[in-house]
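# Structural characterization, general
Single-letter residue listing:
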Amino acid sequence: MVLTFLSLCARVCHKKSIVNSTPGVKTMQTPIGLAVSPRDIHFATDQAHGRAWMAGDPVATAVFNALSLTFPDGERLFMDAVRNYRSNLSGKLLEDAKGFIAQEAIHTREHVGLNAGLDRSHYPIDEIEADIKGRLTFLRTRGRVAMLGVTIAMEHFTAMMADLFLEEPQFWDGVPEDLARLWQWHAMEETEHKAVAFDVFQEISKNWKPSQRYGLRVRIMLIMTVMFVSNITKFSSMLLIADGMKPWKARLSVLGYLFGKPGLFRKSWKAYWDWFRPGFHPWHQDNSATLKAWQDRFEVAVSQQVAAE
Ligand SMILES: [Fe+2]
Ligand SMILES: [Fe+2]
């Protein structure tokens, strides 16, 4: 009953998202020519030290710092989830899986750098990191299918945010250049590899019944939606409370940022619902034209960094 309802909602949203997609492009699976290759770029993360680096907005800064704090341990779990199935993969998917792991490893390195600049004597960073570690350690005990399930659900969330970050560059107005570039680079590579873990899941579940595969996807997404939204709200609020904001105001401000204005989560609701369509694939939301423009831009950045070294 619940699955049927979710599937109906998703079909309605899917019609709308197809209308909004790039004209003439109807990629139904991962684009064949898409390479998943890491760009080893270093960013000046010290530009975030001791200030509201998201254009002076303390709420936006708290939300982005909370996201960044979840990335290192989260992305290590994603890498391990895909690595667990390497022996099941071959050809292009194996190459993409290697690219996925290499990209996430460099993302982790750069976000560790960003997080290291947060003032641990002022913010409850140790408490937040211990909370994240505890949750992810528990997830790892649930086995490799659950780890991969969590990974594909969270990759859907990161792909939705990444699309927003690339499609709306005004998001970065007033943000120090290297910090904006860090999030744009991360968003670009998240878009590039948005279907890799999903394709691994499709491969390892190819002999399952369709209802079993769909049921697992839906259950894990519902659980991860509650966990991710509540954790980001909680961690962002903890950072704002440390800055002196009252707890109720901190929570309301964060929820306003996520679901009101600018609506970091609200803006992607159509893409979110698409997940619940039985035939969903991440590349049904085809943002390859936007991706290409950002790839060209970072191609230049990498060659300039190499020339300077
Ligand atoms: Fe990443
Ligand atoms: Fe990712």
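Quick caveat, the model's predicted, so the values are computed rather than measured.

## Things to note about the overall build of the chain
Within the chain, the secondary structure is distributed over 11 helices and zero strands. Tracing the chain from N to C terminus, the helices and strands come up as α-α-α-α-α-α-α-α-α-α-α. Within the chain, buried positions represent 35% of all 309 residues.

## A look at helix H8 (residues 210-242)
The terminal C-alpha atoms of H8, which comprises 33 residues, lie 48 Å apart, in line with the 48 Å expected from a rise of 1.5 Å per residue. Taken as a whole, H8 has its buried residues at Arg-217, Met-221, Ile-232, Phe-235, Ser-236, Ser-237, Leu-239 and Leu-240. Residues of H8 that are buried make contact with helix H2 (58-83), helix H4 (125-141), helix H5 (144-167) and helix H9 (247-259). Phi turns positive, to about 105°, at Gly-244, one or two residues after H8.

## Considerations on the confidence of the model for the chain
Confidence along the chain averages 90 in pLDDT terms, with 89% of residues attaining 70 or more. In this model, residues 15-27 is a region of pLDDT below 50 whose contacts with residues beyond four sequence positions or in other chains number 13 contacts.

## Regarding the nonpolar core
In terms of nonpolar packing, the biggest core is built from 65 residues, with Val-63, Val-82, Leu-148, Ala-197 and Val-200 touching the most fellow members. Counting residues per element, this core draws most heavily on H5, which supplies 12 residues. Once residues within four sequence positions are removed from consideration, Val-200 is found in contact with Val-82, Tyr-85, Leu-89, Leu-93, Ala-97 and Leu-148.

## Section: unusual backbone geometry
A cis geometry characterises the amide bond from Lys-261 onward to Pro-262, with omega recorded as 0°. Relative to the helices and strands, Pro-262 resides in the loop between H9 and helix H10 (269-274). Positive phi, normally seen in glycine, also occurs at Ala-55, with a value near 55°. Positionally, Ala-55 belongs in the loop between helix H1 (2-19) and H2. Classification of Ala-55 by C-beta neighbours within 10 Å gives partly exposed; the count is 14.

## A look at the packing of H2 against H4
Contact geometry of H2 with H4 gives a least axis separation of 9 Å together with a crossing angle of 20°. Relative to H4, the element H2 lies roughly parallel. Read as a crossing pair, H2 and H4 show a hand that is right-handed. Counting all contacts with H2, which are made through Leu-69, Thr-70, Asp-73, Gly-74 and Leu-77, the residues of H4 involved are Ile-128, Glu-129, Ile-132, Lys-133, Leu-136, Leu-139 and Arg-140.

## A closer look at the environment of His-193
Within the secondary structure, His-193 sits in the loop between helix H6 (177-192) and helix H7 (196-204). Owing to 29 C-beta atoms within 10 Å, His-193 belongs among the buried residues under this scheme. For the pair formed by His-193 and Val-36, sequence separation is 157 residues and the distance between their alpha carbons is 6.0 Å. Residues contacting His-193, with those up to four places away along its chain left out, are Val-36, Gly-99, Phe-100 and Gln-103.

Conventions used here
- Residues numbered from 1 in each chain as written.
- Chains lettered and ligands numbered in written order.
- Predicted model: local features only at pLDDT ≥ 70, side-chain atom pairs only at ≥ 80, totals over all residues.
- Helix = DSSP H or I, 4+ residues; strand = E, 2+ residues; numbered from the N terminus.
- Buried ≥ 20, exposed ≤ 12 C-beta atoms within 10 Å, placed from the backbone.
- Expected span 1.5 Å × (residues − 1).
- Contact = placed C-beta atoms within 7 Å.
- pLDDT = per-residue confidence, 0-100.
- Core = buried A, V, L, I, M, F, W, Y, C linked by C-beta atoms within 7 Å.
- Axes fitted to C-alpha atoms, helices over the stretch in contact; angles between N-to-C directions.
- Parallel < 35°, antiparallel > 145°, perpendicular 65-115°, else oblique.
- Left-handed = near helix turned anticlockwise from the far one by under 90°.

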